[in-house]
Amino acid sequence: MAAERTTITLGGKGSSFSSSSVYKIASGVATVRIDSSAIERFSTKPLPLIKRTSFGIPQGLTSEETRAFLAVLLNKLLLSNSGSVRSVLPVKILEILNSKDETFELGDEVVEVTEGENVVLEKSCASLVGVCSVIDHKSTALSQIIDSVAALSCEAAKGDVSSFNSLDSGDGFGYKDAISVAGDLKVLLNGSKAVGKVEVEEVSKIPRIHGKFREVVRGVHSDARVELNSGVKGGKTGSGNSAVGEALGTTLLGLCMSVKSLGECSFLRGKLCAESIGDESVRKVVLEKSCVEYEKLKSGYKSALVEEDQCRFAHKLNECLGTVWRIVGLEAAAAFFVLSGGDKEESKSDKKKKKNAVLGKGTSVVIQFIKERLVSDGGDRVEQILSLYNPESDCFDTLLAKVKEIVESNENRRLPKLPKGTRDFAKEQMIVREKAFSIIQNVFKKHGATALDTPVFELRETLMGKYGEDSKLIYDIADQLLDKLEIGDYVVKLNHRKLLDGMLEICGVPAEKFRTICSSIDKLDKQTFEQVKKEMVEEKGLSPEIADRIGGFVKEKGAPMELLTKLRQEGSEFLANTSSKEALDELTTETQVLVSVMEDNKLGEAAELASMLWEADINAEYLVTKRQTKHFDRAKSSGIPWMVVVGKNELSGGVVTLKKVVEGSKEEVKDVPRDSFVAELLKRL
């Protein structure tokens, strides 16, 4: 009894279309339905019609590729619908996709479409995107299975895998994907005694060849995801879709070259393994089939490179990819027969050798998986193994899941390893490190900072939910917060999530866009505000007015105390916002002295007095406003014991008033000369 097909819904609000979904539709394992919200958007008004002599189905595509094209075209019609798409064309495509008819006939030789529908047919590049999606799905699956096959070959060829350990130099300049491949291979080969000391070039190439394949596959996946979920842009002409074909073609060209290298490397490893198969008939079959597929790959690669039409190029690349799948399957077969003995009658000495040649904890599972699924009287065992490595077979998903389980759960993955960007410190280094931190902590406390102690490790979802990846309101600081370390010029950046959230709310940014707008703001380190504004407006849907309001805030730079004082000034929008008010109240609370300048526009006076206190290692902050209650409320709410009061009379006389504001105290010292007020405070603190 056939398995029930899944259903994929297109056109829903907020839904996304993936290469995996395209592949399921293209291979006939999923049906399609149009979301009710998309149906409601179809035009019911009479619209001018344009006659087309063809539906635009490209010639020469396979049935699978054609179905992928139709699935993408249907989605493009739904995404591009702005009142110019009727239900007729989408419904017809839907019927074709959900039927088993592979003639792909629309019924009439002449098709009548609206102007909007015609733009989608002409400018959507649906055929190229459809084939690209199929390629994306297949190449992604191949990138996930290929390392396990290569690991089998390492053991079958008794290859030296010690070079896998030299890829990560620890200096951050290693090739990340190659290092990752080497890591997965070590997991698969963990505990293996079958690998030897034979230097095999095809073995040493594995990390870089497979790593590059992973890299280009990610690029194809990224481009396919964007194009699958983009409507046809540019109004009536579709001009916004210019160069989509060229861009995708460039990405696919890189994949084409990587597929060729991957297939060639796999063929050479498979050939090397096949030569060690004891059963001559099996050895002959594997070698012959491998050579045939390799020749097919070489000719297909050459044919693809000279193809000028982007869609035809993608079609030929897809064929090359299918060929590489068979080459990889044959490599797996060759390694399997060497490691397991295949159908050969083994002597006692052969069995003893195999018993001593312990396989890796990962590769042994793969070998057992293949053994359990081979039928002894089922004919050609090579073809049976090829079937297991066919992405369209029923067993492939189970095999892929098994490989993922091995790589992700093997104990080698849990061996202690320093995370990227971290290091161990020797005792000599710790002496310098602790002294530096002690200086930094003391300076922070002197300027009113408080300490926060958090666990060394934390659940990722907790951190991401609490702080987010991009929640930063950035200020450039030039202060004493590192002078005592005598390290030269520097810039320190301060952030507070609540302050940023408050700013975004004040500017009118919808709450659901906070995090995505934060990620744009974070780019101000490397981009101009105009570039960031363009991203916020054109890509993230913010109005220019809101973006300009954000600009007014994020362009503010200066010393932290100056900025915080400005944000606290009377009439500040930050004081009226709950989130930013909380942030301001939480900031600069171990303060010993509040410099209270009770006249407006006297920020320089306040900063000068505070600097004198800081030089004496007194934790101080300042506030500039005429409203006396603001000063006393600030001191009381923060628990600041002393105030240096500077009013109109003090300013004119060059003196200050020292006032103790601890509850129950009435201590006050008036007319203290400015050049001696620090000494007077030190006596009383």
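Residues numbered from 1 in each chain as written. Predicted model: local features only at pLDDT ≥ 70, side-chain atom pairs only at ≥ 80, totals over all residues. Heavy atoms only, no water.

An unreviewed UniProt entry lists the chain under the name Anticodon-binding domain-containing protein, with Brassica napus as the source organism. Comment text from UniProt for the chain, heading Sequence similarities (unreviewed entry), reads "Belongs to the class-II aminoacyl-tRNA synthetase family." (UniProt positions renumbered as here; feature names shortened; annotations may be inferred.)

Draft legend 1. Structural detail: the overall build of the chain. Summing up its helical and strand segments, the chain has 29 helices and 11 strands in all. When the accessible area of the chain is evaluated, it comes to approximately 35600 Å², of which 50% is carbon and sulfur surface. (Helix = DSSP H or I, 4+ residues; strand = E, 2+ residues; numbered from the N terminus. Areas by Shrake-Rupley, 256 points an atom, 1.4 Å probe, with all protein chains shown as cover.)

Draft legend 2. A look at the sheet that holds strand β10 (residues 655-660). Read from one edge of the open sheet, five strands run β8-β7-β9-β10-β11, paired in mixed fashion. Two strands close off the open sheet at either side, each with one partner strand: β8 (620-624) and β11 (668-673). Mean inter-strand twist for the sheet, computed between neighbouring axes without regard to direction, equals 25°. Pairing analysis gives five bridges linking strand β7 (residues 593-597) to strand β9 (residues 642-646), with the strands arranged parallel. (Pairing = 2+ DSSP bridges. Axes fitted to C-alpha atoms, helices over the stretch in contact; angles between N-to-C directions.)

Draft legend 3. Layout of the side chain of Arg86. The topology assignment puts Arg86 in the loop between α3 (63-79) and α4 (88-98). In contact with Arg86, other than residues within four places in its own chain, are Phe42, Ser43, Leu47, Leu49, Glu112, Val113, Thr114 and Glu117. (Contact = heavy atoms within 4.5 Å.)

Draft legend 4. Representation of the environment of Asp548 in the model. In this fold, Asp548 is placed in helix α22 (residues 544-554). Judged by relative accessible area, Asp548 falls into the partly exposed class, the value being 41%. Side chain to side chain, Asp548 and Lys533 meet in a polar contact 2.8 Å long. (Buried < 20%, exposed > 50% of the residue type's maximum accessible area, 1.4 Å probe, protein only. Polar contact = N/O pair within 3.5 Å; in protein donor to acceptor, adjacent residues only side chain to side chain.)

Draft legend 5. Broad picture of a nonpolar patch on the surface. Where nonpolar side chains cluster on the molecular surface, the patch consists of Leu253, Met257, Leu305 and Val306 and spans about 360 Å² of accessible area. Looking at where Leu305 falls in the secondary structure, it is placed in helix α11 (residues 280-305). The exposure class of Leu305 is partly exposed, given its relative accessible area of 40%. (Patch = residues over 30% accessible without salt bridge, like charges linked within 9 Å, V, L, I, M, F, W, Y side chains within 5 Å. Salt bridge = Lys/Arg side-chain N within 4 Å of Asp/Glu carboxyl O.)

Draft legend 6. The arrangement of helix α1 (residues 19-26) in detail. Within α1, six of the eight residues are buried, leaving the element largely enclosed by the surrounding structure. The complete set of buried residues in α1 reads Ser19, Ser21, Val22, Tyr23, Ile25 and Ala26. In the core, the buried residues of α1 are packed alongside β1 (6-10), β2 (30-34), α3, α4, α6 (126-156) and α9 (206-228). Once α1 finishes, Gly28 follows within two positions and takes phi at roughly 80°, a positive value.

Draft legend 7. Just the pairing of β9, in detail. The buried fraction of β9 amounts to five of the five residues, a majority that puts the element mostly inside the structure. Of the two faces of β9, the one holding Trp642, Val644 and Val646 and the one holding Met643 and Val645 are both buried throughout.

Draft legend 8. How the structure looks around the side chain of Glu650. The topology assignment puts Glu650 in helix α28 (residues 648-653). Lacking a salt bridge, the buried Glu650 has Lys670 as its closest oppositely charged neighbour, with an N-O distance of 7.2 Å. If near-sequence neighbours (up to four positions away) are discounted, Glu650 is found in contact with Val645, Val655, Val656 and Thr657. (Lys, Arg positive; Asp, Glu negative; His and termini not counted.)

Draft legend 9. How the structure looks around the packing of aromatic side chains. Going through the model one piece at a time under the given rule, you end up with four aromatic pairs. Ring geometry for Phe553 versus Phe574: centroids 5.1 Å apart, planes at 85°, classification edge-to-face. Placement of Phe553 in helix α22 and of Phe574 in helix α24 (residues 573-576) is noted, with a sequence separation of 21 residues between them. By relative accessible area, Phe553 is classed as partly exposed at 21%. Its end group placed over the ring of Tyr301, Lys260 keeps NZ or CZ at 5.4 Å from the ring centre. Taking the ring centre of Phe369 as reference, the NZ or CZ of Arg373 above it sits at 3.7 Å. (Phe/Tyr/Trp six-rings, centres within 6.5 Å; stacked < 30°, edge-to-face > 60°. Lys NZ or Arg CZ within 6 Å of the ring centre and 35° of its normal.)

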